[in-house]
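Coordinates in review
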Amino acid sequence: GEDVEQSLFLSVREGDSSVINCTYTDSSSTYLYWYKQEPGAGLQLLTYIFSNMDMKQDQRLTVLLNKKDKHLSLRIADTQTGDSAIYFCAEKGGGYQKVTFGTGTKLQVIP
Amino acid sequence: NAGVTQTPKFRVLKTGQSMTLLCAQDMNHEYMYWYRQDPGMGLRLIHYSVGEGTTAKGEVPDGYNVSRLKKQNFLLGLESAAPSQTSVYFCASSYGGQRALPTYEQYFGPGTRLTVT
């Protein structure tokens, strides 16, 4: 079945850039997502990229997709303490709307 | 709009007890989902529903049952709770079909933290 892998933890200093990485196995993925989970809350869609794109930029967020290596990354520029959260990579294949989520990466921002 | 709400927020059960978790959404979404979140495991799909009166098994359905009698509600039942079911449970909902475009975004509730002793 589909599998999505992420490292569990990342620590950065406030003002630095953060890069969160993800690998997935489903070669038929059509959408790839980054969801953000703040403490004590549910997940919220942060950004997404279609599988036919290489890059997407949205203000401080840059998503890079290497479809050949099945690698997705999320770069957060000028990381702030408010960015501290768990970031989930997720992918959707064809067919019904099943989305496979990764293990989540906990981002800690040090003031 | 309240979005997706979950009841209760916290619960402690003894092994063998039963309970029902309630999920409600006011966005007229067709699809609803139940996930569990465990440390180092991410989110795993328990059951889902593509419309009123329909349910289907996800990745980890054993020990759980679900019902979708009304479009806005999705209930998750534990008939005989086990310590392995200690987890945080999230409900989510989404549009179906063309209305789900372009993102197929899922909207999540705040979660229910369940401890089984």
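Provided above is the structure to which this section pertains.
A short tour of the structure in this document, coming up. Everything quoted here is computed from the prediction, not taken from an experiment. (Residues numbered from 1 in each chain as written. Chains lettered and ligands numbered in written order. Predicted model: local features only at pLDDT ≥ 70, side-chain atom pairs only at ≥ 80, totals over all residues. Heavy atoms only, no water.)

Observations concerning the interface of chain B and chain A
Going by this rule: Any two residues having at least one pair of non-hydrogen atoms within 4.5 Å are treated as being in contact. Here's the idea: put two parts together, see how much 1.4 Å probe accessible area each one loses, and the total over both is what we call buried area. In the sections that follow, a salt bridge refers to a side-chain nitrogen of Lys or Arg positioned within 4 Å of a carboxyl oxygen of Asp or Glu. Polar contact is the term for a pair of N or O atoms within 3.5 Å; when the atoms are in protein, one must be able to donate a hydrogen and the other to accept it, and sequence-neighboring residues count only if both atoms are side-chain atoms. In this description a helix means any DSSP run of H or I spanning at least four residues, a strand means any run of E spanning at least two, and both kinds are numbered starting from the N terminus. Polar here means any residue other than Ala, Val, Leu, Ile, Met, Phe, Trp, Tyr, Cys and Pro, which are nonpolar, and Asp, Glu, Lys and Arg, which are charged; Gly is therefore polar.
Taken together, the contact between chain B and chain A spans 25 residues of the former and 20 residues of the latter. In total, chain B and chain A occlude about 1700 Å² of area from one another, counting both sides; carbon and sulfur atoms represent 59% of this. Contact with chain A buries area across many residues of chain B, yet Leu43, Thr103 and Tyr104 of chain B alone supply 28% of it, more than any other trio. At the boundary of chain B and chain A, one finds 0 salt bridges. Applying the counting criterion to the chain B and chain A interface returns 3 residue pairs in polar contact (both at pLDDT 80 or more). Among the elements of the structure, β4 (31-38), β5 (42-49) and β9 (87-94) of chain B are those that each provide at least two residues to the side of chain B that touches chain A. Within the side of chain B that touches chain A, the residues separate by chemical class into 15 nonpolar, 9 polar and 1 charged.

Observations regarding the nonpolar core
Selection rule: Definition of nonpolar core: a set of buried residues of the types Ala, Val, Leu, Ile, Met, Phe, Trp, Tyr and Cys, connected through side-chain atoms within 4.5 Å. Each residue is assigned to one of three classes by its accessible area relative to the maximum for its type, calculated with a 1.4 Å probe on protein chains only: buried under 20%, partly exposed between the two thresholds, exposed over 50%.
Residues Tyr33, Tyr35 and Phe101 of chain A together with Tyr35 and Phe108 of chain B are the most contacted members of the largest nonpolar core, which totals 22 residues. Looking at this core, the elements that each hand over two or more residues are β4 (31-37), β5 (43-50), β9 (85-92) and β10 (99-101) of chain A together with β4, β5 and β9 of chain B. Sequence-distant contacts of tyrosine 35 of chain A, that is, excluding residues within four places in its chain, are made with Leu43, Gln44, Leu45, Leu46, Ile86, Tyr87, Phe88 and Phe101 of chain A together with Glu105, Gln106 and Phe108 of chain B.

Quick look at the sheet that holds strand β3 (residues 18-24) of chain A
Residues and elements named next belong to chain A. As a reminder of what qualifies: We treat two strands as partners when DSSP finds at least two bridges between them. Axes here refer to lines fitted to C-alpha atoms; in helices the fit is confined to the stretch in contact. Angles between the N-to-C directions go from 0 to 180 degrees.
On the basis of which strands lie adjacent, the open sheet formed by 5 strands has the order β1-β3-β8-β7-β6 and antiparallel pairing. Two strands in the sheet have a free side with no partner beyond their single neighbour: β1 (4-6) and β6 (55-58). The mean inter-strand angle of the sheet, taken between neighbouring strand axes irrespective of direction, is 15°. Here β1 pairs with β3 via 3 bridges, running antiparallel. Directly across from valine 4, in β3, lies its bridge partner tyrosine 24.

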